[in-house]
Amino acid sequence: MQYKIELIKNIFLYDEHKAILFTQLFFWGFFGVVLLIYSLIYKQNRLRTYFLFGVSLFFYFKTSGLFLLLLMYTICIDYLLGNLIAKNESQKKKKLYLGFSVVSNLFFLCFFKYAYFFTESYNQIMNSNVQFFNHFAQLSNNLLNTGFSVNKMMPAIGVSFFTFQSLSYTIDLYRNKITPVKNILDYGFFVCFFPHLVAGPIVKANEFIHQIYKPYSLTKLQFNTAVFWILNGFGKKIVADYIAVNFIDRIFDSPNLYSGVEVIFGIFGYSLQIYMDFSGYTDMAIGIALILGYTLKTNFNSPYKATSTSEFWKRWHISLSSWLQEYLYIPLGGNKKGTIGSYIAIAVLCLFMALLSANKFFIYALIIGAIVIIALSILFKKIKQSINTNINLMVTMLLGGLWHGSSWLFLIWGGLNGLGLIAHKIWKEYSPFKKTNDYATKFMLIFITLTFISFTRIFFRSDSMETVNVLFDRMKNHLGLDLLFEIIYGYRGVFAIIILGYLIHWIPEKIKINYRTWFAEQRLEVISTIIIICVFLLYQLMSGDMQPFIYFQF
């Protein structure tokens, strides 16, 4: 009897140590039950929407516990504001309601991501001792018997993703790009559809809502394609965990124990790991959604084939890049001019920098720097033009860095990528390779781009600036080229998988389309055999518990 009670608790209650992962047996049991019920109701649009909405709320509760309240608040407030925007003819009132939606969403996003950081920074700057107290954590501990510290912020899984999705609805209504949903349950389903809820891809309202009202349709070819994406994503995740546990995590956790050569291999290995981890999740999300009758857009397009930073960001995390471009970069003026919004964003970023530094002298330096830049832009037209045409690129990338977290490391990572985009924008006007298509030149440009992107990720992956300094010191002063062959032999299994991963990534897209199509056209017994073989081979790489997806923390 006690065993049954514990089993029911494990199924239905929240456990902060056991978020639902697509790679867990629990998830596939959950998905199997969902499909069983779904098979009875899928022809009734309204019923299937309501069912999937309820299922998605349960999924998020199991993943994030009491943050379900924040998700439901976001759904309710933006649904109501969306209706007000759609019904009002007054442009001023539309702007007012949209402004309330933006402020409301960004307030809670900033609170749950940055409140603890603001408190610490205030104490350091003002030399005070204000104690941060997390009432949300206390409520979770009381209601759900969790063990969160009340002195620190709880991890709000997926808050950045569903906030951006919900914002796209009110903004698209304001722009008259969509019509309002029929009821709040339809809207709730759009925001929290469980395949993309906690780690993307970010779904924009104008890309998804119309699908809610279409009849269910799934051909044999589509089903087999969905199975391919799920298997492909599962394989990526297994490989990502294997190279992380057996090599990359060791490098970043204790960099002073490794030579510069090992650090360099670890940096390139991390680029493969984060790609396979994140794109693996979205591959599975795309496949699961397709089986349920919904199409999610591709989130990655072989990003390491990019020959420039600009092309890389068109291929990497496409849903976030396109969201930032459509709802931030272009409204700020794009590459044509800086706007009032651009300078407000710069002011906000400077405030973050000041708080991050927790140093009054740095604040004074920021103010003086701003005055100097303003003076130079007034005196010299070329400087003003350069700032106006590039400011929004830098603002977008810096805010993209802060979207990932409140630390200098994310800010530096975003800033470096912003500089990379600006540098490429200038370089392409003078580049001697503009009309060159030979393979050697293309390979060189791909390698340069991959190297730049990989080395910026030192700041993304490291847990402190001290770790960053040690990593650079190992590469500069302790390279260890004399150990190269010993290192390659010692990590031969991991390196072989990393090299194979990059080679598969670089396969021409036509070949990838051909083998996906071939898989989708096979009979059930052939596909079943392939799945069994793949799962057996992947199982050989599994070591211990599956690691959480990297982007769960964002």
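In what follows, the structure referred to is the one given above.
In short, a report on the structure. As the structure is a computational prediction, the values presented were derived from the model and not from experiment.

Cut-off values and rules
Residues numbered from 1 in each chain as written. Predicted model: local features only at pLDDT ≥ 70, side-chain atom pairs only at ≥ 80, totals over all residues. Heavy atoms only, no water. Salt bridge = Lys/Arg side-chain N within 4 Å of Asp/Glu carboxyl O. Helix = DSSP H or I, 4+ residues; strand = E, 2+ residues; numbered from the N terminus. Buried < 20%, exposed > 50% of the residue type's maximum accessible area, 1.4 Å probe, protein only. Polar contact = N/O pair within 3.5 Å; in protein donor to acceptor, adjacent residues only side chain to side chain. Contact = heavy atoms within 4.5 Å. Core = buried A, V, L, I, M, F, W, Y, C linked by side-chain atoms within 4.5 Å.

1. Considerations on the pattern of salt bridges
For the coordinates displayed, the defined rule picks out 13 salt bridges. Its salt-bridge partner being aspartate 241, residue lysine 237 comes within 3.0 Å of it at the nearest N-O pair. Separated by 4 residues within a single helix, lysine 237 and aspartate 241 lie in helix α10 (residues 220-253), roughly one turn from each other. For lysine 237, a relative accessible area of 0% translates into the label buried. In this structure, arginine 523 engages glutamate 525 in a salt bridge whose closest nitrogen and oxygen atoms are separated by 2.8 Å. The exposure class of glutamate 525 is partly exposed, given its relative accessible area of 44%.

2. Quick word on the side chain of threonine 456
Along the chain, threonine 456 falls in helix α18 (residues 439-461). For threonine 456, a relative accessible area of 3% translates into the label buried. There is a polar contact of 2.7 Å between the side chain of threonine 456 and the backbone oxygen of isoleucine 453. In this structure, threonine 456 is in contact with Trp413, Leu416 and Asn417, ignoring residues within four places of it in sequence.

3. Digging into the nonpolar core
Soluble, globular proteins show a tendency: their nonpolar side chains are buried together. Counting 147 residues, the largest nonpolar core has Leu52, Leu71, Phe190 and Phe194 as the members making the most contacts within it. If you tally residues by element for this core, the top one is helix α11 (residues 260-291), at 18 residues. Apart from residues no more than four positions distant in its own chain, leucine 71 is found in contact with Leu57, Tyr60, Phe162, Val191, Cys192 and Leu197.

4. Quick word on unusual backbone geometry
With a phi close to 60°, asparagine 176 is a non-glycine residue in the positive phi region. On the basis of relative accessibility, which here comes to 63%, the residue asparagine 176 falls in the exposed class. Although it is not a glycine, histidine 317 adopts a positive phi angle of roughly 40°. Examined against the element boundaries, histidine 317 turns out to sit in the loop between α12 (309-315) and α13 (318-329). Judged by relative accessible area, histidine 317 falls into the buried class, the value being 1%.

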